[in-house]
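Take a look at the letters that make up each chain.
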Amino acid sequence: MKLSTLSVPLLFALVLAGCITAPAGPAGPQGATGDTGATGNQGNTGNTGNTGNTGRAGNTGATGGTGATGDTGATGYTGATGGTGATGNTGATGNTGATGNTGNTGNTGAKGSTGAKGSTPSTVVIVPAQ
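Presented here is a report on the structure given in the accompanying data block.

Here we come to the overall build of the protein chain. Helix and strand counts for the protein chain come out as 1 helix and 0 strands. Once local pairs closer than 6 in sequence are excluded, the contacts in the protein chain between residues at least 24 apart make up 84%.

Inspection of the secondary structure puts Ala68 in the segment after α1 (2-19). Classification of Ala68 as exposed rests on a relative accessible area of 54%. Contacts of Ala68, omitting those with residues within four sequence positions, involve Gly85 and Ala86.

Approximately 310 Å³ is the volume found for the largest pocket. In terms of lining residues, the largest pocket is bounded by 15 residues, among which Ala27, Gly28, Thr123, Val124 and Val125 are the most central. Residue classes in the lining of the largest pocket are distributed as 9 nonpolar, 6 polar and no charged.

Turning next to the environment of Thr48. Tracing the backbone through its elements, the reader meets Thr48 in the segment after α1. In this structure the C-alpha to C-alpha distance between Thr48 and Thr105, which are 57 residues apart in sequence, comes to 6.8 Å.

Along the chain, the position of Gly25 falls in the segment after α1. On the basis of relative accessibility, which here comes to 58%, the residue Gly25 falls in the exposed class. Sequence separation between Gly25 and Ile126 is 101 residues; the distance between their C-alpha atoms is 8.6 Å.

What counts, and at which threshold
All residue numbers refer to positions counted from 1 along the written sequence of the respective chain. pLDDT decides what is reported in this predicted model: residues at 70 or higher carry local features, side-chain atom pairs at 80 or more are listed and counted, and totals for whole chains, interfaces and linings draw on all residues regardless. The side-chain numbers reported here are obtained from all heavy atoms of the structure, hydrogens and water having been left aside. Secondary structure elements follow DSSP: runs of H or I no shorter than four residues count as helices, runs of E no shorter than two count as strands, and numbering proceeds from the N terminus. Whether two residues touch is decided by their heavy atoms; if any such pair falls within 4.5 Å, the residues are in contact. Using a 1.4 Å probe on the protein chains alone, a residue whose accessible area is under 20% of its type maximum counts as buried, one over 50% counts as exposed, and one in between counts as partly exposed. Using protein atoms alone on a 1 Å grid, points that fit a 1.4 Å probe yet trap it form a cavity, whereas open point sets bounded by protein on both sides within 12 Å along at least five of seven lines form a pocket; residues with an atom within 4 Å of a point count as lining. Grid points are joined across faces, edges and corners, and a volume is the space filled by probe spheres set on the points. Amino acids outside the nonpolar list (Ala, Val, Leu, Ile, Met, Phe, Trp, Tyr, Cys, Pro) and the charged list (Asp, Glu, Lys, Arg) are all regarded as polar, and Gly is one of them.

The structure is reproduced here in structure tokens:
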């Protein structure tokens, strides 16, 4: 019985010690920095536009007609000078060729995607037992 009488005060002291709280300890170390996100892919190069068509050459103007030959003078006396032939008509000016079409504008390349954002470390809070 002697053992049981000594056990009661020891057990009471242990229960009472569990109710007393100690002050909180110092804060823990800061968490590690998150990883940097991956770099986005580069966009594709745009397509080059088609070359425009060349215009057609204009038509050549018609050649002017030859002037008429003057009449020969009468024999005996000095013959009269023959009349000057008519001047030929100037040929028509050729048409200007059509202007070629402008080539299509190339497409702009796609924009690269933005890299993923690194994770943020969590804060650790230590709560003492009560």
